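# Summary of the model geometry
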Amino acid sequence: MSLHVRLRHQFAGFALEVAFDAPSGVTALFGRSGSGKSTIINAVAGLLRPDQGQIRADGVTLLDTDAGVNLPPHRRRVGYVFQDSRLFPHLTVRQNLLYGQWFAPKGPQVSLARIVDMLGIGPLLSRRPGSLSGGERQRVAIGRAILSSPRLLALDEPLAALDDARKAEILPYLERLRDDLHLPILYVSHAMAEVARLASTVVLIEAGKVAAIGPVAQMLSDPANAPGLGLREVGAVLTTVVMAHDADGLTRLDCAAGPLWLPRVTSPLGASLRVRILAQDVMLATTRPEGISALNILPATVRDIRMGEGPGALVRLDVGGEAMLARVTRRSAEALGLAPGRAVFAVLKAVSVAQENVGAAR
Amino acid sequence: MTDWLSPDEWRAVALSLRVSFWATLVSLPLGILVAYALARWTFWGKQLLNGLVHLPLILPPVVTGYLLLMTFGRKGTVGQYLDQWFGIVLAFRWTGAALAAAVMAFPLMVRAIRLAIEAVDPKLEQAAGTLGAPPLWVFATVTLPLILPGVIAGAILAFAKAMGEFGATITFVSNIPGQTQTLPSAIYAFLQVPGGEAQAARLVWVAIIIAMTALLLSEWVARSVARRISGA
């Protein structure tokens, strides 16, 4: 399955003009508020009619303004999860979940039992939306969208209205969904941590244009994307395997370049995890530091350096074949004589990796 | 039970109930449609429709009755064809009284339902659409259940208004005992006869009781429906 989107739409004082092809998996539309990403997802779902454009999902033309094709929302089968969940207040959770099944095409479908189990909403079935917490509501909304047998799942900042604890509660469910259902997902977000955990492809949207598009690991480790992603949020994603849970509360994760110790993660031994390491948490040394409290020291090679306009520089490293970013000052970069090909050590404090930056890898 | 009202009085009460019941029931679907159009659609002539619906509220009832007679009377612009083609005669029949009552009560009904529709978040209807529900289904399964308290309130308000309709009714269908003499017409007729005050007073009590019952009933039904759909 692939999604082809080409849109042009003129708002008062704002023009959207994007074109991209999303492969299967989770495609994240990332950008600041007002960059136009919600407009794109609304156009895909048919809630907004763009001035001009083409949208094809799964080989089916949903919109083609040149050919005069514009399927109404109820015939597009785009399962939409809204930021504000939009559950029907007069129906029970079970009735909400089954709402879309009346209209779903006949044929093999995901069963209610499987989704209820996958999202952990069994105890809620006979309740009404009014008595649910924000996190529960959002899980029901996700289940409702999946059970309508969509060809594509569209999530518009589904976690934006939730506090951090609720976000942490839902993210693992979204990871399960991504890995178990093989349903293409279009995910709108302006939270880098979510994108790093969930996305397989990232589309970076800036001021109504596609600034860059590519696989998540490549996009997040490309210094050129740093301004669009936000300097404080920049960080590459490493793929790791859980090797040991130590008695002192640390977990050993192995990446290609060696072991990493992080605060205890709940995943079982052998689980594959994505770890996002923020560029600003990584220190560089030209010799292996000794007598230092930081637990993680990985040998690395400088791939390239991007000097910022301010005092900062972004260094892309090769750590055992994977990319890692380090944000240092230009002064340090010059003092250490950093240049492409230079062997260095990347230093990372164990406690600097927040729980939200560790998630299941496919 | 029956002896405290004379047969004539009973007939007036029964006729009023029948007229109001049918006036409410038949105008309800149209009331919902018009309320929905006014609340949600933009179309040419929307203000005109709005004005037309509310006109009976502000026109002297006798004028509305006169217009009904001109339109639906036996020789009226519409009435003559109803008679010729379908054999339907409204003037000076109880059905005419129902039409007059429906027209007079329509603005109240539309107003209540329109307020209820405006209170429904269109985002919910949008969500139903993305789940595959065609527009009519969305209306039946999302909008209608959510506006039910407003619909009930509007219907009962219309019923109460229909029970009390006098001016347009007497102008359009006159005051024929057993045929078009509704409760208010009967009270009016008794007051025209010397010594009829006692009969009138009894009917006044009946009118008050019916009106109060209707109001309390609508409050109770609307509240229990609202509790059920607000979802706790």
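Quantities reported herein were computed from a predicted structural model and do not represent experimental measurements.

### Description of the overall build of chain A
The secondary structure content of chain A amounts to nine helices and 21 strands. Here chain A has a C-alpha radius of gyration of 22 Å; the compact-globule value for 362 residues is 21 Å, and the two agree. Sorting the 362 residues of chain A into buried and exposed places 44% on the buried side. Within chain A, contacts between residues at least 6 apart in sequence are counted, and of these 67% link residues at least 24 apart.

### Points about the overall build of chain B
Broken down by element type, chain B carries ten helices and zero strands. Start at the N end of chain B and walk to the C end: the helices and strands fall as α-α-α-α-α-α-α-α-α-α. The principal-axis extents of the C-alpha atoms in chain B amount to approximately 65 × 45 × 30 Å. The 232 residues of chain B split such that 41% are buried. Partitioning the contacts of chain B with sequence separation of at least 6, the portion at a separation of at least 24 is 74%.

### Things to note about the sheet that holds strand 1 (residues 3-11) of chain A
Sheet strands pair by backbone hydrogen bonding; their relative direction is either parallel or antiparallel. Residues and elements named next belong to chain A. Sheet architecture is open: five strands sit in the order 2-1-4-5-6, paired in antiparallel fashion. In the strand order of this sheet, the two ends are held by strand 2 (14-22) and strand 6 (69-70), each with one partner. Relative to strand 5 (residues 60-64), strand 4 (residues 52-57) runs antiparallel, the two sharing four bridges. Following the sheet pairing, isoleucine 55 is matched in strand 5 by leucine 63.

### Considerations on the packing of helix 1 (residues 7-40) of chain B against helix 5 (residues 94-119) of chain B
All names here are of chain B. Contact pair helix 1 / helix 5: the axes reach a minimum separation of 6 Å and the direction vectors enclose 40°. Classified by the interaxial angle, the pair formed by helix 1 and helix 5 is oblique. The chirality of how helix 1 crosses helix 5 is right-handed. Of the residues contributing to the contact of helix 1 with helix 5, the split by class is 22 nonpolar, three polar and four charged.

### Some details on the interface of chain B and chain A
Between chain B and chain A, the contact holds 17 residues from the first and 22 residues from the second. Counting residues per element, the ones that place at least two in the side of chain B that touches chain A are helix 6 (122-130), helix 7 (135-164) and helix 10 (197-230) of chain B. Tallying contributions element by element places helix 6 of chain B first for the side of chain B that touches chain A, with six residues. Per-class residue counts for the side of chain B that touches chain A are ten nonpolar, six polar and one charged.

### Observations regarding the domain arrangement of chain A
Residues and elements named next belong to chain A. What the domain assignment lists for chain A is domain 1 (3-215) and domain 2 (272-360). In this structure, domain 1 and domain 2 have C-alpha centres spaced 35 Å apart. If you look at the interface, domain 1 gives seven residues, while domain 2 gives seven residues. When residues of the side of domain 1 that touches domain 2 are traced back to their parent elements, those giving at least two are helix 5 (164-181) and helix 6 (192-198). Of all the elements, helix 5 adds the most residues to the side of domain 1 that touches domain 2, at four residues. Of the residues that constitute the side of domain 1 that touches domain 2, the class distribution is four nonpolar, no polar and three charged.

### Quick notes on the environment of A:Met192
Residue and element names in this part refer to chain A. Inspection of the secondary structure assignment puts methionine 192 in helix 6. As for methionine 192 and asparagine 70, which are separated by 122 residues in sequence, their C-alpha atoms are 33 Å apart. Once you skip the residues sitting within four places of it in the chain, methionine 192 turns out to touch Leu229, Gly230 and Glu233.

### Quick look at the nonpolar core
By size, the foremost hydrophobic cluster in this structure holds 165 residues, and its most contacted members are A:Val315, A:Met324 and A:Ala346. No other element matches helix 5 of chain B, which puts 18 residues into this core. Looking at which domains feed residues into this core, each of domain 1 (3-215) and domain 2 (272-360) of chain A gives three or more. If near-sequence neighbours (up to four positions away) are discounted, A:Met324 is found in contact with A:Ser221, A:Ala236, A:Leu238, A:Ile277, A:Val282, A:Ala300, A:Leu317, A:Val319 and A:Ala346.

### Notes on the confidence of the model for chain B
On average, residues of chain B carry a pLDDT of 89, and 97% of them reach 70 or more. The ipTM assigned to the predicted complex is 0.82, against a pTM of 0.83.

### Comments concerning the sheet that holds strand 11 (residues 209-215) of chain A
Residue and element names in this part refer to chain A. The sheet built from six strands is open, its strands ordered 7-8-9-3-10-11 with mixed pairing. The sheet terminates laterally at strand 7 (78-81) and strand 11, the two strands that pair on one side only. The sheet shows a mean angle of 15° between the axes of neighbouring strands, direction not considered. Helix 4 (residues 134-147) rests against strand 7 and strand 8 (152-156) of the sheet, and its axis sits at about 175° to strand 7.

### With respect to the pairing of strand 5 of chain A
Residues and elements named next belong to chain A. Between strand 4 and strand 5, which follow one another and run antiparallel, lie two residues, and aspartate 58 among them has a positive phi close to 60°. Strand direction decides the pairing type here: strand 5 and strand 6, joined by two bridges, are antiparallel. In the sheet register, leucine 63 faces strand 6, and the bridge partner there is asparagine 70. Linking strand 5 to strand 6, which pair antiparallel, is a turn of four residues; within it glycine 68 sits at a positive phi near 70°.

### Section: helix 6 of chain B
Every buried residue of helix 6 of chain B is listed here: B:Glu125, B:Ala127, B:Ala128, B:Gly129 and B:Thr130. Buried residues in helix 6 of chain B make contact with helix 1 (37-45) and strand 7 of chain A together with helix 7 of chain B.

### Section: helix 4 of chain A
Residue and element names in this part refer to chain A. With 14 residues, helix 4 should cover 20 Å at 1.5 Å per step; its first-to-last C-alpha distance of 20 Å lies within 8% of that length. Along helix 4, the positions that sit buried rather than exposed are Glu136, Arg137, Gln138, Arg139, Val140, Ala141, Ile142, Gly143, Arg144, Ala145, Ile146 and Leu147. Each element contacted by the buried residues of helix 4 is listed here: strand 7, helix 2 (93-98), helix 3 (112-119), strand 8 and helix 5. Directly beyond the C-terminal end of helix 4, a positive phi value near 50° is found at serine 149.

### Comments concerning the pairing of strand 19 (residues 322-329) of chain A
Residues and elements named next belong to chain A. Pairing analysis gives eight bridges linking strand 18 (residues 312-319) to strand 19, with the strands arranged antiparallel. Paired with arginine 316 across the strands is leucine 325, a residue of strand 19. Counting the residues that bridge the hairpin from strand 18 to strand 19 gives two residues, and of these glycine 320 lies at a positive phi of roughly 60°.

### Description of the environment of B:Asn175
All names here are of chain B. With respect to the secondary-structure elements, asparagine 175 resides in the loop between helix 8 (167-173) and helix 9 (183-192). Looking at asparagine 175, the number of C-beta atoms within 10 Å reads 18, which means it is partly exposed. Through-space distance from the C-alpha of asparagine 175 to that of serine 185 is 6.3 Å; in sequence the pair is ten residues apart. What asparagine 175 contacts, discounting residues up to four positions off in sequence, is Ile170, Thr180, Gln181, Ser185 and Ala189.

Cut-offs applied
Residues numbered from 1 in each chain as written. Chains lettered and ligands numbered in written order. Predicted model: local features only at pLDDT ≥ 70, side-chain atom pairs only at ≥ 80, totals over all residues. Helix = DSSP H or I, 4+ residues; strand = E, 2+ residues; numbered from the N terminus. Rg over C-alpha atoms; globule rule 2.2 N^0.38 Å. Buried ≥ 20, exposed ≤ 12 C-beta atoms within 10 Å, placed from the backbone. Contact = placed C-beta atoms within 7 Å. Pairing = 2+ DSSP bridges. Axes fitted to C-alpha atoms, helices over the stretch in contact; angles between N-to-C directions. Parallel < 35°, antiparallel > 145°, perpendicular 65-115°, else oblique. Left-handed = near helix turned anticlockwise from the far one by under 90°. Nonpolar A, V, L, I, M, F, W, Y, C, P; charged D, E, K, R; others polar. Domains from an automatic or database assignment. Core = buried A, V, L, I, M, F, W, Y, C linked by C-beta atoms within 7 Å. pLDDT = per-residue confidence, 0-100. Expected span 1.5 Å × (residues − 1).

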